[in-house]
Amino acid sequence: MSRGLLAPLAALMLSAGAPAPAPAPAPAPAVDEAAVIAVLDAEKAPGTILIARGDSIVFERAFGLIDPVGQATHRLGQTWRWASVTKQVTATIAMQEVAAGRLDLDAPIITYLPDSKAPFAGTITSRMLMQHISGLPRTDEAPAGRDGWSTFYSVDLSSPETGTAWCEGPTTRKPAAEFFYGDCDFVMMTAVIEATSGKSYDALIAERIAQPLGLTSVGVFPRTAPTVAGFGEGKPESTAFRLENFGGAGALYGTTRDLFAFDRALMTGKLIPEAQRAQMWDGKPEYGYAALGQWSFSVPLKDCGDTPVRIVERRGFIGGVVLRNIILPEQDMVIIMTSNRAEAEAAFGEIWQQAGITHDVMRAALCATGAPL
């Protein structure tokens, strides 16, 4: 795989010993817009797409209807719930704490949360939390409430039936026994970074992410102004859940351009040093290539040669809103897709299966122009 686009290897020699001009960088190959558009689905996954190379957005489009029975169409610049893409941001703040020497990924969480009531607080580590192998309870194990939503997401945030109070409840699963995805891991991880930093999660997002990067749209639920509403099976999503209850596991919101700015800052070392980013992006095969707060794996794309493409993927899915945040480190690319249909979660598909909209968009962006991988 190449690392970015190569500059010309030589410049024309000038006469009389004059210095040669600096070589001009090779232009980035254009994305085949027709190929990308052809694989989008305005019925199953209406929303937005952003494709960038380096610091430049090379393709961006909003498409399809906001309401399946309405007339208003999606537009660029909408504020989306980031759902579980929040975990990627929370993990980044955790790695900032590691870089600062305040957090040891392999120290038990009781080191930082001495009053924790979690059954295995003396064994569970921050690495286990961010890799989803802590064994903590899953929120879908809480009692079911209205529209089938767990009461964890529907009660007031001050209730002991949500947040760290519930996540520290009893469990029979032992740490590191298996991959077991759940929001409690990042609810507890949020408590850890609040303890190590001495600041609230809201303040950490503002001071470490939004303000230094100029991300004016980014914040933490609750929020007065509406974000893009979700739909499922042609109907508005349930109102039974409270987005603020997702905390550091899913309570962020912002525009796709601000998400891209976060990705670029992460890719270029503005947020965490390379050593901490390498740890965060170390996907473990034994856990389905789960890294810390995201997935990291390499697979070839269909009909795009045999060279595997390294992919850092973070998904988001709450109610009727679905996101894919894709970083391609070797290609210096970002692909962000959003939709406000629950059906888009299945339609986006699995990249490793070489099927679905996510894979097909990636293939169109990387392969349709014949650009080298």
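A brief look at the structure comes next. (Residues numbered from 1 in each chain as written. Predicted model: local features only at pLDDT ≥ 70, side-chain atom pairs only at ≥ 80, totals over all residues. Heavy atoms only, no water.)

Once that is clear, we can look at the pairing of strand β9 (residues 309-318). In terms of residue burial, β9 counts as a mostly covered element, since eight of its 10 residues are buried. Where strand β8 (residues 295-299) meets β9, five bridges bridge the pair, whose relative direction is antiparallel. If you follow Val-299 over to β9, its bridge partner there is Val-309. Both β9 and strand β10 (residues 321-328) contribute to a ladder of seven bridges, which runs antiparallel. Bridge assignment links Phe-317 to a residue of β10, and that residue is Val-322. (Buried < 20%, exposed > 50% of the residue type's maximum accessible area, 1.4 Å probe, protein only. Helix = DSSP H or I, 4+ residues; strand = E, 2+ residues; numbered from the N terminus. Pairing = 2+ DSSP bridges.)

On to the pairing of strand β11 (residues 333-339). Of all seven residues in β11, seven are buried, a share of seventy percent or more. Burial along β11 is two-sided: the face carrying Met-333, Ile-335, Met-337 and Ser-339 and the face carrying Val-334, Ile-336 and Thr-338 are both buried. Alignment of strand β1 (residues 47-53) against β11, held across seven bridges, turns out to be antiparallel. Directly across from Gly-47, in β11, lies its bridge partner Ser-339. Where β10 lies against β11, seven bridges are found, and the strand directions are antiparallel. For Ile-326, the partnering residue across the bridge sits in β11 and is Ile-335.

Take the state of the cysteines next. With the rule as written, the count across this model stands at two disulfides. Cys-167 shares a disulfide with Cys-184; S-S distance 2.0 Å. Because the sign of the S-S torsion sets the handedness, a value of about -80 degrees for the bond joining Cys-167 and Cys-184 places this disulfide among the left-handed ones. Linking Cys-167 in helix α4 (residues 163-167) with Cys-184 in helix α5 (residues 184-197), this pair joins segments that are 17 residues apart in sequence. When sorted by exposure, Cys-167 lands in the same class as Cys-184, which is buried. (Disulfide = S-S within 2.5 Å.)

In this model, Phe-221 is joined to Pro-222 through a cis peptide bond whose omega is 15 degrees. With respect to the helices and strands, Pro-222 occurs in the loop between β4 (219-220) and β5 (231-232). Of note, Asp-303 is a non-glycine position whose phi angle comes to about 55 degrees, a positive value. Note on placement: Asp-303 falls in the loop between β8 and β9.

Two numbers describe how helix α2 (residues 85-99) lies on helix α6 (residues 201-213): the axes approach to 11 Å, and their chain directions differ by 80 degrees. By the angle between their axes, α2 is roughly perpendicular relative to α6. Of the residues in α6, those in contact with Thr-86, Val-89, Thr-90, Ile-93, Gln-96 and Glu-97 of α2 are Tyr-201, Leu-204, Ile-205, Arg-208 and Ile-209. Counted by class, the contact of α2 with α6 contains six nonpolar, three polar and two charged residues. (Axes fitted to C-alpha atoms, helices over the stretch in contact; angles between N-to-C directions. Parallel < 35°, antiparallel > 145°, perpendicular 65-115°, else oblique. Contact = heavy atoms within 4.5 Å. Nonpolar A, V, L, I, M, F, W, Y, C, P; charged D, E, K, R; others polar.)

Any functional reading would require information that these geometric values do not contain.
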